[in-house]
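# Inside the fold
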Amino acid sequence: MKSQAEIVVIGGGIYGAQVAYHLAKFGKKDVVIVEKGEIASGESSHAAGLVTQFATSQAMLRFRMYSIELYSELGLFNHVGSLRVASSKEQLLEMERSVSRAKALGLDCEIITPEESLKIMPQLSKKDLYGGIYLPRDGQLDPYTVTTSMVKFAKELGVEVYTNTRVTGIKLSAKGEIEAVQTDKGEIRCEIIVNAAGMWAPRIAAMAGLQIPTTPVDHQHIALRAVPGHEFAPNTPCLRDPDNLVYMRQEAGGLVIGGYEPNPLPRWIDGAPWEHGSKSFPGDFDQFEMLLEGAIRRLPFLEQAGIITLVRHPGAYTPDCQPLLGPMAGVKGMWMLAGMSLNGYGGAGGMGKLMAEWIIDGEAPIDVYGYRATRFGNYYSDFNYAAERTVEAVKYYYRMKFPHDESEAGRPYRTSPVHYRLIENGAVFGEKFGWERVNYYDKESRRMGEDQRLWGWNKPPYFERMRLEHNSTREGVTLFDLTSFGKIEVKGKGALPLLQRLTDSNIDKPVGSAIYTQFLNKNGGIESDLTVTRLGEEYFWVITGSGFIANDLARIQMYVDENDGYVSIRDITQEFACLALWGPKSRDVLKKITSSDISNEAHPYLTTKLILINGTKVYAQRVSYAGELGWELYIPNNRATMVWDLLVEAGKEFNLQLGGYKVLDPLRLEKGFKYFTTDLTPTTTPYEAGLGFCVDLNKGDFIGRDALVKQKAEGLRRKLCTLVLTGTDEFVQIYGGEAVYHENKLVTRVRSGGYGFTVKKNILYAFLPIELAKQGTLLKVELIEGMYDAEVTPSVLFDPKGEKTRA
């Protein structure tokens, strides 16, 4: 065995094989694969082998399309096509919405009728068949053959492979850098590790002091004998029926059928044992029965089919059932490629290519923010909580989850210090990153779950409550609990140079400044959208969204340079409550409970000051996502309820209302405020998104500066625009991702949208080619309720000069 290599890939499944192959293909010749068993002896040995291109995520679509073409070029793929059917009216509408999104991302697909579906697969029952999607380039493969072939191709390119070699430890330098992989057959010194160890990835990560939340959950599939007179030809398309929770493909005239039942079972809560390899467990027919019943509903003659075998095997899933990709913070040189059980062979080729490019170039070539390995941080370090959330996510892989439905498992997990006050006022809670957050208020408090399943693809029943909260914020005063906001403390001599390097704005402002800014990648793309507050010469807070805290904290940690001087970086999210008081009467309320001067002259917009409320020092930050006069109040947890009570009592005179997160979308859409991960992404620059006012090219060098200088000199090719629907002023459902057309040509997709109660318009954001990005351009938008006319408007529809926020 080699004693030294540049890159060691841990895991000889399809993902380890793909990343090693692509690293070698792109010129990295000193690559080693280490596998504790034989190649394809873990999860890869049990895959069903169905592969589809279909996805409504741009990254996943590209991964799958690339994978299919790669397998096809290498002679490893059978293009039998695939048919996805809708067995309910609700599923058909969801399918239409998904097709609109997929088309906008570049996939050539259309909804086909029940009759067209039957022509493609005549064996289907006509009962409850509402339509489908047929993709002829989809198909199937043999998992073992594909994995061993990819390893063979990697070896031909110079990759060395060591099987039956178990990793026993990871050596780190004093600076926390990868130094070596230790195995039961010796040590390999290296600079980079790719953890592609499947179910065992958490155990490998723990050797380097890292934690990743993947849980092995059992999955079953059954092989059925051919039914005489109903044999399936070798070119039979793969079939997916989400309503009946099943997928199937032909094998020897019969079928292999699997699916995702509503009560999946975790195999191990705290990690897979080393001894487990390719073995499966006895099938559970009681567990599988409902899936078989679903298959029989779609293909009734299967009732006569004989059973060959029922296979039960675990696979590694994450709490959101998305992959873990990229570098980890805290250990330089540790890369993750794990949590892949729902991505399988379809994602493997594309993700292997992406990881190789990322490792070589240092930056992801596409937007994979939602897949970053750092996104969970330590917020899912509780094994039981991670397992509960994971099992629920697996349940919804086929079971339809409406856009407004909320996760139910493991709740409540994190609560605000004012949680009981929220309950007493009828809070209806949603959930974000483990936090209970108020969506809106009703007569009785409860936690949302599958709520939209009750009202379907219609106007939400809380629409009028949103109107009340919206109007109160625009015309009076509203109190919000925003405690789940991420809060990061950055202190020390190295704090300012670190933040200057990460942001596009000048952070070297007077103490008390609140600076709205972005973290960028080297291509100028937006990696974070946040506020940096300077509380001292060497003391800063970084305030970010609830779900972004882990990625943002990791990014700050990754860019520490010891030459800047000492810096302390700490997640203080759970140490402070955040209460937001917004609206034109907010100053009237706040001045009743503080002796501090909060006049416009003493406490202007975008400043943060300590104010005194009943003996408690509170950080009052004058910012507003609603676009109104107001403050975010950061309060020590043990005084949050006291401050809440004082605000509510003082607000009675001004008819203060309580507000939730649902109303923030219409408020910010009217103001032209953007939302990170939809309007702002790692592939969009501040200039394209209308955030050029944040960029300070004269402050010195920062990540992404060169790309922005180049873009500014060359001019923009596209721009984020505000659109409104012109055919109606009534509420229309907009969920994001829908296709947008100009003169019958698909030109873009909706990034986000909603109904503006003040302007009485349906508002949408979309990137448009620069020649169309002008006021008055007429477009059509393919929404779930049909095709609607839209028009480009001014970017800001309400208070365009920002006079209300500065009042």
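Everything in this summary refers to the structure shown in the same document. These numbers come from a predicted model, not from an experiment.

## Topic: the sheet that holds strand β38 (residues 761-769)
Read around the closed barrel, the six strands follow the order β35-β38-β37-β36-β39-β40; overall the barrel is antiparallel. Looking at each pair of strands side by side, their axes are set apart by 40 degrees on average, direction ignored. Relative to β38, strand β37 (residues 745-756) is paired through six bridges, and the arrangement is antiparallel. Looking across to β38, one finds that Tyr-755 is bridged to Asn-762. Along the sheet, helix α17 (residues 664-671) contacts β37 and β38; its crossing angle with β37, the most-contacted strand, is approximately 120 degrees.

## Quick look at unusual backbone geometry
Note that the residue after Arg-411, namely Pro-412, is joined by a cis bond; omega there is -10 degrees. Looking at the secondary structure, you find Pro-412 in the loop between α9 (383-395) and α10 (419-424). One non-glycine residue, Ala-40, adopts positive backbone phi at about 60 degrees. Tracing the backbone shows Ala-40 in the loop between β2 (31-34) and β3 (50-51).

## Focus on the sheet that holds strand β21 (residues 427-432)
Note on sheets: strands pair through backbone hydrogen bonds, and any given pair is parallel or antiparallel. With mixed pairing, three strands are arranged side by side in an open sheet as β22-β21-β23. Either end of the sheet is taken by a strand with one partner, and the two such strands are β22 (435-441) and β23 (446-447). Note that β21 and β23 share two bridges and pair parallel. Across the sheet, residue Phe-429 finds its bridge partner in β23, namely Arg-447.

## Description of helix α5 (residues 143-156)
Given a rise of 1.5 Å per residue, 14 residues ought to cover 20 Å, and the 20 Å separating the end C-alpha atoms of α5 matches this to within 8%. When α5 is considered as a whole, its buried residues turn out to be Pro-143, Val-146, Thr-147, Ser-149, Met-150, Val-151, Phe-153 and Ala-154. Note on α5: the residue one or two positions beyond its end, Gly-158, has a positive phi of about 110 degrees.

Here is what the cut-offs are and how they apply
Residues numbered from 1 in each chain as written. Predicted model: local features only at pLDDT ≥ 70, side-chain atom pairs only at ≥ 80, totals over all residues. Heavy atoms only, no water. Pairing = 2+ DSSP bridges. Helix = DSSP H or I, 4+ residues; strand = E, 2+ residues; numbered from the N terminus. Axes fitted to C-alpha atoms, helices over the stretch in contact; angles between N-to-C directions. Contact = heavy atoms within 4.5 Å. Expected span 1.5 Å × (residues − 1). Buried < 20%, exposed > 50% of the residue type's maximum accessible area, 1.4 Å probe, protein only.

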